[in-house]
Amino acid sequence: LTAGTEIEEQPAAAGAGRLVFSTRAVNVDLWMLPANTRAGKPLGDLRRLTQDGAAQLPTVSADGRLMTFISPRLGNPDVWLQDLDSGGEAALNPTPWIENLPVISRDGARVFYSSLQGGRSGIYSISTQGGIPERICEDCDGPTDVSADGRTLLFQFGLNNPLASLGVLDVASGRRMEILKHPRYGLYRGHFSPDGRWVVFHADDPGRGTPVFIAPFHQGPSPVSQWITVSDRTVWTDAPRWSPDGNLIYYFSDLDGSRCIWAQRLDPLTKRPLGAPIAVQHLHSRQRSVAAVNVNFL
């Protein structure tokens, strides 16, 4: 009946002989928004960083100069690095294996990522100058953040398990420990606060929402009773990140019916929410919507 190049879906037929349906084109690229990141206020327009619709899961060094991401441009998901000043980019170590969840160190010196080889997932480390990657953990799921001193990784325990949890990995020794888990739902996207004293993450509470939490970090398990709820439990939220001063949490949310960028101000000492969420950047237009973007790409 049709031969379009876009995604065609949701057909509905009428008795009078009419067929209506929707069309959708999805092109996922990485964008940058100039902003006062300590206040949650944009300072300019969105700027596109990649051009080929094949980039996902960005992380940025503390000085904002280097960005790492995953791209299948060479036929397989590889770790790529882009210089945000010049725009130059290259694959760090192209392989036939599936690479995922890259995390760049605060100083921009190294990238940590997961690689699926022979059915087994491990965590690897590679210099941003290139070279041979080093395996630092066997049978570990992907990293989500690295401490300011580069010595400790946050990573996923049981990434594909409904009760996924978060753990820490000592980079030098390979010693690992589960630190955050919940008896009813999975935990994802853990990130250290700038001072290393807290971890922000979101939970998948089936049928209810994906709330964002903050937990104290003290090199050991943190009980649920110590967790601080940041976002509304009844809405969808994802990809929480700290502001550079640790007093805001940025995240995607459908609080207004569309998936947009929001921020929540925190008490500097207790990290408890202060006031209502801040709408940082609305993404309601068809050209810049993230509604159809797989959450695992954000």
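Topic: the overall build of the chain
Along its length, the chain carries zero helices and 26 strands. Compactness check: the chain gives a C-alpha radius of gyration of 20 Å against a globular reference of 19 Å for 298 residues, within 12% of the reference. Principal-axis analysis of the C-alpha atoms gives the chain an extent of 70 × 45 × 40 Å. Sorting the 298 residues of the chain into buried and exposed places 45% on the buried side.

Some points on the pattern of salt bridges
The tally for this structure, following the rule as stated, stands at nine salt bridges. Residue Arg135 pairs with Glu138 through a salt bridge whose shortest N-O separation is 3.6 Å. Given a relative accessible area of 48%, Arg135 falls into the partly exposed group. Across the pair Lys181 and Glu178 runs a salt bridge, and its minimum N-O distance is 3.8 Å.

Brief notes about the packing of aromatic side chains
Following the criterion strictly, the structure yields six aromatic pairs and no others. Put simply, the rings of Phe201, Phe213 and Trp227 touch in pairs and so form one group of aromatic residues. A cation over an aromatic ring shows up here: Arg73 above the ring of Trp80, its NZ or CZ 4.6 Å from the ring centre.

A word on the environment of Pro268
Tracing the backbone through its elements, the reader meets Pro268 in the loop between β25 (260–265) and β26 (278–281). Overall, Pro268 belongs to the partly exposed group, its relative accessible area being 49%. In this structure, the C-alpha to C-alpha distance between Pro268 and Gly15, residues 253 residues apart in sequence, is 62 Å.

So, how was this worked out
- Residues numbered from 1 in each chain as written.
- Predicted model: local features only at pLDDT ≥ 70, side-chain atom pairs only at ≥ 80, totals over all residues.
- Heavy atoms only, no water.
- Helix = DSSP H or I, 4+ residues; strand = E, 2+ residues; numbered from the N terminus.
- Rg over C-alpha atoms; globule rule 2.2 N^0.38 Å.
- Buried < 20%, exposed > 50% of the residue type's maximum accessible area, 1.4 Å probe, protein only.
- Salt bridge = Lys/Arg side-chain N within 4 Å of Asp/Glu carboxyl O.
- Phe/Tyr/Trp six-rings, centres within 6.5 Å; stacked < 30°, edge-to-face > 60°.
- Lys NZ or Arg CZ within 6 Å of the ring centre and 35° of its normal.

These figures capture arrangement, not role.
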